[in-house]
Amino acid sequence: MRRVSIRQRLTAWYAAALLLALLLFGGAMSVALERRLVAGVTARLTLRLQGLASALEAEGEIHDRAQLATELSEFLRDNPDGGQLELRDMAGGSIGPAAPLAPVQRGRKFLTATRTLRCAGETFTAIASLPLDEASVILADFRGLLLWMIPAVLAVATVGGYWLSSRALKPVDEITSVARTIGVRNLSQRIPTPATGDELQRMAETWNAVLERLEAAVQRIRQFTSDASHELRTPLTLIRATADLALRREREPQEYRESLRQIAHEAEHMTALTESLLHLARADAGGLTVTLSAVDLNSLVKEVVEQHAAVAEAQGIELQARTDAHAAMAQADAEALRRVLLILVDNALKHTPAGGRVTVSAEGTVLTVEDTGAGIPAASLPHVFERFYRADEARGAGGGFGLGLAIAQSIAEAHGARITAESGTGVGSRFSLALRS
Ligand code: ADP
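Residues numbered from 1 in each chain as written. Predicted model: local features only at pLDDT ≥ 70, side-chain atom pairs only at ≥ 80, totals over all residues. Heavy atoms only, no water.

### A look at the domain arrangement of the protein
Phase 1 of the analysis: Split by domain assignment, the protein resolves into domain 1 (6-139), domain 2 (199-284) and domain 3 (293-434).
Phase 2 of the analysis: Put simply, the middle of domain 1 and the middle of domain 3, counted by C-alpha atoms, are 104 Å apart. (Domains from an automatic or database assignment.)

### Observations regarding the pattern of salt bridges
It is possible for side chains of opposite charge to pair when their charged atoms get near one another.
Phase 1 of the analysis: Tallied over the entire structure, the rule returns 17 salt bridges.
Phase 2 of the analysis: Note that glutamate 122 and arginine 65 form a salt bridge whose closest N and O atoms lie 2.9 Å from each other. Remark: arginine 65 occurs in helix H2 (residues 65-78) and glutamate 122 occurs in strand E4 (residues 122-131); sequence separation between them is 57 residues.
Phase 3 of the analysis: Residue arginine 65 is classed as partly exposed on the basis of its relative accessible area, which comes to 33%.
Phase 4 of the analysis: A salt bridge links glutamate 303 to arginine 338, with the nearest nitrogen and oxygen atoms 2.4 Å apart. With a gap of 35 residues between them, glutamate 303 in helix H6 (residues 297-315) and arginine 338 in helix H7 (residues 334-350) connect regions that are remote in the sequence.
Phase 5 of the analysis: Within the structure, one salt-bridge network assembled from shared partners comprises Arg65, Asp89 and Glu122. (Salt bridge = Lys/Arg side-chain N within 4 Å of Asp/Glu carboxyl O. Helix = DSSP H or I, 4+ residues; strand = E, 2+ residues; numbered from the N terminus. Buried < 20%, exposed > 50% of the residue type's maximum accessible area, 1.4 Å probe, protein only.)

### Examining the confidence of the model for the protein
Low-pLDDT portions of the prediction should not be read for the details of their coordinates.
Phase 1 of the analysis: On average, residues of the protein score 89 in pLDDT, and 95% of them are at 70 or above.
Phase 2 of the analysis: Predicted confidence is poor over residues 99-103, with pLDDT under 50, and the contacts of this stretch with residues over four places away or in other chains come to nine contacts.
Phase 3 of the analysis: Within the model, pLDDT remains below 50 along residues 394-398, and this stretch shows three contacts once partners closer than five positions in the same chain are excluded. (pLDDT = per-residue confidence, 0-100. Contact = heavy atoms within 4.5 Å.)

### Looking at the pairing of strand E1 (residues 84-89)
Phase 1 of the analysis: Relative to E4, E1 runs antiparallel, the two being bridged by six bridges. Looking at the pairing, glutamine 84 lines up with serine 129 of E4.
Phase 2 of the analysis: Bridge count between E1 and strand E2 (residues 94-95): two bridges; the pairing is antiparallel. By the bridge assignment, arginine 88 is partnered in E2 with serine 94.
Phase 3 of the analysis: Counted between consecutive antiparallel strands, the loop separating E1 from E2 contains four residues, among which glycine 92 sits at a positive phi close to 95°. (Pairing = 2+ DSSP bridges.)

### Notes on the sheet that holds strand E11 (residues 429-434)
Phase 1 of the analysis: Reading across the sheet, the five strands line up as E6-E8-E9-E11-E10 and stay open at both edges, with mixed pairing between neighbours. Only two strands of the sheet have a single neighbouring strand rather than two, namely strand E6 (318-322) and strand E10 (419-423). The sheet shows a mean angle of 10° between the axes of neighbouring strands, taken without regard to direction.
Phase 2 of the analysis: Here E10 runs beside E11; their pairing, made up of five bridges, is antiparallel. Note that in E11 the partner of alanine 421 across the bridge is phenylalanine 431.
Phase 3 of the analysis: Set on the sheet, H6 makes contact with E6, strand E8 (357-363) and strand E9 (366-371); between it and E6 the angle comes to about 175°.
Phase 4 of the analysis: Those strands touched by H7 are E6, E8, E9, E10 and E11, and its axis lies near 15° from that of E9. (Axes fitted to C-alpha atoms, helices over the stretch in contact; angles between N-to-C directions.)

### Section: the site of the ligand
Phase 1 of the analysis: Surveying the vicinity of the ligand reveals 20 residues, the closest of which are Asn347, Asp371, Ala391, Gly402 and Leu405.
Phase 2 of the analysis: In this structure, a nitrogen atom belonging to the ligand sits 2.9 Å away from a side-chain N or O atom of aspartate 371.
Phase 3 of the analysis: Within the backbone of phenylalanine 401, a nitrogen or oxygen atom sits 3.3 Å from an oxygen atom of the ligand.
Phase 4 of the analysis: The element best represented in the shell around the ligand is H7, accounting for three residues.
Phase 5 of the analysis: Along the lines of polarity and charge, the residues of the shell around the ligand split into nine nonpolar, seven polar and four charged. (Near = heavy atom within 4 Å. Polar contact = N/O pair within 3.5 Å; in protein donor to acceptor, adjacent residues only side chain to side chain. Nonpolar A, V, L, I, M, F, W, Y, C, P; charged D, E, K, R; others polar.)

### Regarding the packing of helix H1 (residues 6-58) against helix H3 (residues 133-181)
The geometry of a pair of packed helices is captured by two quantities: the angle between their axes and the separation between those axes.
Phase 1 of the analysis: Close contact between H1 and H3 brings their axes to 8 Å; oriented N to C, the two are set at 160°. The angle between H1 and H3 places the two elements in the roughly antiparallel class. Crossing angle aside, the handedness with which H1 passes H3 is right-handed.
Phase 2 of the analysis: Of the residues belonging to the contact of H1 with H3, the class tally is 22 nonpolar, eight polar and four charged. (Parallel < 35°, antiparallel > 145°, perpendicular 65-115°, else oblique. Left-handed = near helix turned anticlockwise from the far one by under 90°.)

### Structural notes on the sheet that holds E4
The pairing of strands in a sheet comes from backbone hydrogen bonds and takes either a parallel or an antiparallel form.
Phase 1 of the analysis: Here four strands make up an open sheet; going across it, the order is E2-E1-E4-E3 and the pairing antiparallel. Among the strands making up the open sheet, the edge pair consists of E2 and strand E3 (110-119).
Phase 2 of the analysis: Across the face of the sheet, H2 comes into contact with E1, E2, E3 and E4 while running at roughly 165° to E1.

### Remarks on a nonpolar patch on the surface
Phase 1 of the analysis: Taken together, the side chains of Leu145, Trp148, Met149 and Val153 define a hydrophobic patch exposed on the protein surface, amounting to about 380 Å² of accessible area.
Phase 2 of the analysis: Inspection of the secondary structure assignment puts methionine 149 in helix H3. (Patch = residues over 30% accessible without salt bridge, like charges linked within 9 Å, V, L, I, M, F, W, Y side chains within 5 Å. Areas by Shrake-Rupley, 256 points an atom, 1.4 Å probe, with all protein chains shown as cover.)

### Focus: the packing of aromatic side chains
Phase 1 of the analysis: For the structure shown, the criterion picks out two aromatic pairs.
Phase 2 of the analysis: Aromatic pair phenylalanine 224 and phenylalanine 388: ring centres 5.7 Å apart, planes at 40°, arrangement tilted. Of this pair, phenylalanine 224 sits in helix H4 (residues 199-247) while phenylalanine 388 sits in the loop between E9 and helix H8 (404-414), placing them 164 residues apart in sequence. This pair shows no difference in class: phenylalanine 224 is buried, exactly as phenylalanine 388 is.
Phase 3 of the analysis: Relative to phenylalanine 431, the ring of phenylalanine 385 has its centre 6.3 Å away and its plane inclined at 80°; by these criteria the two rings are edge-to-face. Of this pair, phenylalanine 385 sits in the loop between E9 and H8 while phenylalanine 431 is found in strand E11, placing the two residues 46 residues apart along the sequence. Comparing phenylalanine 385 with phenylalanine 431, the two get one shared label, buried.
Phase 4 of the analysis: One Lys or Arg, arginine 387, reaches over the ring of phenylalanine 224 and ends 5.0 Å from the middle of that ring. (Phe/Tyr/Trp six-rings, centres within 6.5 Å; stacked < 30°, edge-to-face > 60°. Lys NZ or Arg CZ within 6 Å of the ring centre and 35° of its normal.)

Right, dumping it as structure tokens:
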């Protein structure tokens, strides 16, 4: 079945509504006109009966029926009006002479009015009637006019309505044709925005905002793919170079062992990177599920600090746990949360020189990792959660992939929370995660 376009549907509804309105209008007008015409005839009848009563009264005493009949015919002769006038006595007998009756035809309509008269000692009923011919003709004319005016008005209005809806929907066609040409390759293209201040402008603007978000997302994915390939290429090159070098000539078993050790080290590096990438890919696909349960944040903090105690001591850093005096319970995934703390403590230890201090604390449902290290420059702070971002790359410190904080943030987001960072060059850093209780 062919789909009906919006403009056709709009026009059809408009025409149907207009037809109904015209029919109602025509019907109401024709009823009102008929009522008016009948009221006019009724008024004429009443006047005629009144005239007859006055004429008979003016004649003074009428003594018998013969005199009454004469008066009646005189009145009729003096006041002809194309209708009928008759006097009947109480027994129903007619008083002559008969009125000059208009020829009664089949199909003609008459309106009748009566009035009681006292005359010659008797009570009579005067019956006056007038044909409705004139009213019928006017009504028929009016209805005839309606009969061709309604379709004519309807036709003109429908054509106009179709033209108007086509005009109003023209920008939709333009938007559609541009939108059809937009794909992943030319996401920077934008839909023309009509400056009409109406729904269509809002729609075009909304689509452009969607395109902007899509473009940014695609750009991020492209950057991510390119960064990931780049990161993977370095260890792969190293593995190949080490293997090539070892195979170039016969070597001592110890040399082979050393080469294999280097290869294993690089492979380990690649495994860690691939796992981080997999984690982020899963998070992007919405597959990062956390199983929430009541987690004791005090014990978690203590565990993580104990786990890093040896590394901190070796680096000459004071690592301390500050736990809440009350039980600090939060709804969270204990393992995922431990991973976040490991990333944050690892970073803090990496960026704090000997003699510095790293504090891990739980306060209510807020976890904080604070250090007295190098800090993050203000220009880098907004980017530290981005994938592959390393604020200190130029300084050659660290040696991570720049994925740790992105992973920590994805875990926080899976908990419906966010990690916030406060820092500045030389003032240390403070990372906080507020969980739900
Ligand atoms: P990386 O694997 O390089 O540590 P992260 O995503 O964990 O990657 O961190 C991104 C960058 O943020 C780091 O390269 C580092 O420059 C900066 N950063 C993170 N934590 C700290 C910290 N505690 N002190 C100073 N700089 C930090």
